[in-house]
Amino acid sequence: MAELAILIVSYNARAELERCLQSLRKHPPQISHEILVVDNASSDGSREFVRSGESDVRLIENTTNVGFARANNIGFRETRSELVLLLNSDTLVPEGAIDRLVDELRSRPDAAAIGPRLKDEHGAPELSFGGMLSPFAELTRKSIAGLARRGFPPALRWVESATSQPQSVDWVSGACLLVRRADAEAAGLLDERYFMYCEDVDFCSAIRGLGRKVLFTPAADVIHLRGRSVAAAPASTERAYRLSQIAFYTKHHPAWVPWLRAYLRLRGKLPAESADK
């Protein structure tokens, strides 16, 4: 049995999926592993590509787009490895990155999950971890990240400094998240009420609720070509984010939900499914 299962959820992202799998083939982890692609009913040839050219990759074909959380849970249940890596299709894995991530986690028996430093294609680090989401935390993080993307020097220096230190955090990004299976199962896997977005923060919160730690490490870098799904379908992506945001606040900060709904309604961003709730 493989020690590590790499789960890649894919939906109409064939080009990104091809590059991700090519990076794994070029830089395979030394730890015994298997790769499982969970396809959410793609119509762009993704499934055909995996079936025809990736004999070492297992494929699960969902008949509908079940979302990120549920698709990953399907992958969890189809594997038996000690460790599970959630990996976005829009990532590229450099040589040794996964093994370093595994070594870091195994060196910390008190930790259940760990995330690497994510960088864009130009080598700029992103804020792929943080404190528990709250209105103030969201505003602060988005402001810093936005200023950094615009090249504002103080924000760039802050992000560079923050991502250069190993640390215990409240959450790490689900774009690349390594977790011990026993802890993931104890936490109940990912909450399937989140179709896309916020599921990683919620998952890490459940893990920490068990008294286990979540870690960020700069010892491993992974390239994250973020923004591709947003560019391809901005309206549906915005809707999915807002629905997950409302679900997250309903679960973790219920007192803020009326204010969040009022804010989204004022900005014309309240999803129709939530307008009458």
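Located above this text is the structure these notes cover.
Definitions and limits used
Residues numbered from 1 in each chain as written. Predicted model: local features only at pLDDT ≥ 70, side-chain atom pairs only at ≥ 80, totals over all residues. Heavy atoms only, no water. Helix = DSSP H or I, 4+ residues; strand = E, 2+ residues; numbered from the N terminus. Rg over C-alpha atoms; globule rule 2.2 N^0.38 Å. Contact = heavy atoms within 4.5 Å. Areas by Shrake-Rupley, 256 points an atom, 1.4 Å probe, with all protein chains shown as cover. Lys, Arg positive; Asp, Glu negative; His and termini not counted. Charge placed at Lys NZ, Arg CZ, Asp CG, Glu CD. Buried < 20%, exposed > 50% of the residue type's maximum accessible area, 1.4 Å probe, protein only. Pairing = 2+ DSSP bridges. Axes fitted to C-alpha atoms, helices over the stretch in contact; angles between N-to-C directions. Parallel < 35°, antiparallel > 145°, perpendicular 65-115°, else oblique. Left-handed = near helix turned anticlockwise from the far one by under 90°. Nonpolar A, V, L, I, M, F, W, Y, C, P; charged D, E, K, R; others polar.

Novice: When you look at the overall build of the chain in this model, what are you seeing that I'm missing?
Specialist: The helix and strand inventory of the chain stands at 11 helices and 11 strands. Relative to the compact-globule value of 19 Å for 277 residues, the chain shows a C-alpha radius of gyration of 18 Å, a close match. Along the first, second and third principal axes, the C-alpha atoms of the chain reach 50 × 40 × 40 Å. Nonlocal contacts in the chain, meaning residues at least 24 apart in sequence, comprise 79% of its contacts between residues at least 6 apart. Of the roughly 13000 Å² of accessible surface on the chain, a fraction of 54% belongs to carbon and sulfur atoms. If the 36 positive side-chain charges of the chain are averaged to one point and the 35 negative ones to another, these points end up 5 Å apart.

Novice: Teacher, can you tell me more about the side chain of Ser173 here?
Specialist: Along the chain, the position of Ser173 falls in the loop between strand S9 (171-172) and strand S10 (176-180). Those residues in contact with Ser173 that lie beyond four places of it in its chain are Leu118, Ser128 and Asp200.

Novice: Is there a simple way to explain helix H8 (residues 199-208) in this structure?
Specialist: Side chains three or four residues apart in an α-helix point the same way, a direct result of the helix having 3.6 residues per turn. Counted residue by residue, H8 has eight buried out of 10 residues, so it is predominantly covered. Within H8, burial applies to Glu199, Asp200, Val201, Asp202, Phe203, Cys204, Ser205 and Ile207.

Novice: Mind showing me how you'd approach the pairing of S10 here?
Specialist: Here is the key point about a regular strand: its side chains alternate between the two faces of the sheet. Of all five residues in S10, five are buried, a share of seventy percent or more. Residues Cys176, Leu178 and Arg180 of S10 are buried on one face, and the alternating residues Leu177 and Val179, pointing to the opposite face, are buried as well. For strand S4 (residues 83-87) and S10, the ladder comprises five bridges, and the chain directions are antiparallel. By the bridge assignment, Leu87 is partnered in S10 with Cys176. Where strand S6 (residues 111-119) meets S10, two bridges bridge the pair, whose relative direction is antiparallel. Each bridged residue has a counterpart across the sheet, and for Ile114 the counterpart in S10 is Leu178.

Novice: Whenever I open this one, the environment of Pro153 confuses me. Can you help?
Specialist: Tracing the backbone through its elements, the reader meets Pro153 in helix H6 (residues 153-162). Using a relative accessible area of 41% as the deciding quantity, one classes Pro153 as partly exposed. Spatially, the C-alpha atoms of Pro153 and Leu266 are 33 Å apart, while their sequence positions differ by 113 residues.

Novice: Which parts of the structure should I look at to understand the packing of helix H10 (residues 234-252) against helix H11 (residues 257-266)?
Specialist: Helix-helix packing: each pair is described by the crossing angle between the helix axes and the interaxial distance. Where H10 contacts H11, the axes come no closer than 9 Å and their chain directions differ by 160 degrees. As judged from the angle between their axes, H10 and H11 are roughly antiparallel. The way H10 lies across H11 gives a crossing that is right-handed. Touching Arg242, Gln245, Ile246, Tyr249 and Thr250 of H10 are Val257, Leu260, Arg261 and Leu264, all from H11. The residue inventory of the contact of H10 with H11, partitioned by class, reads five nonpolar, two polar and two charged.

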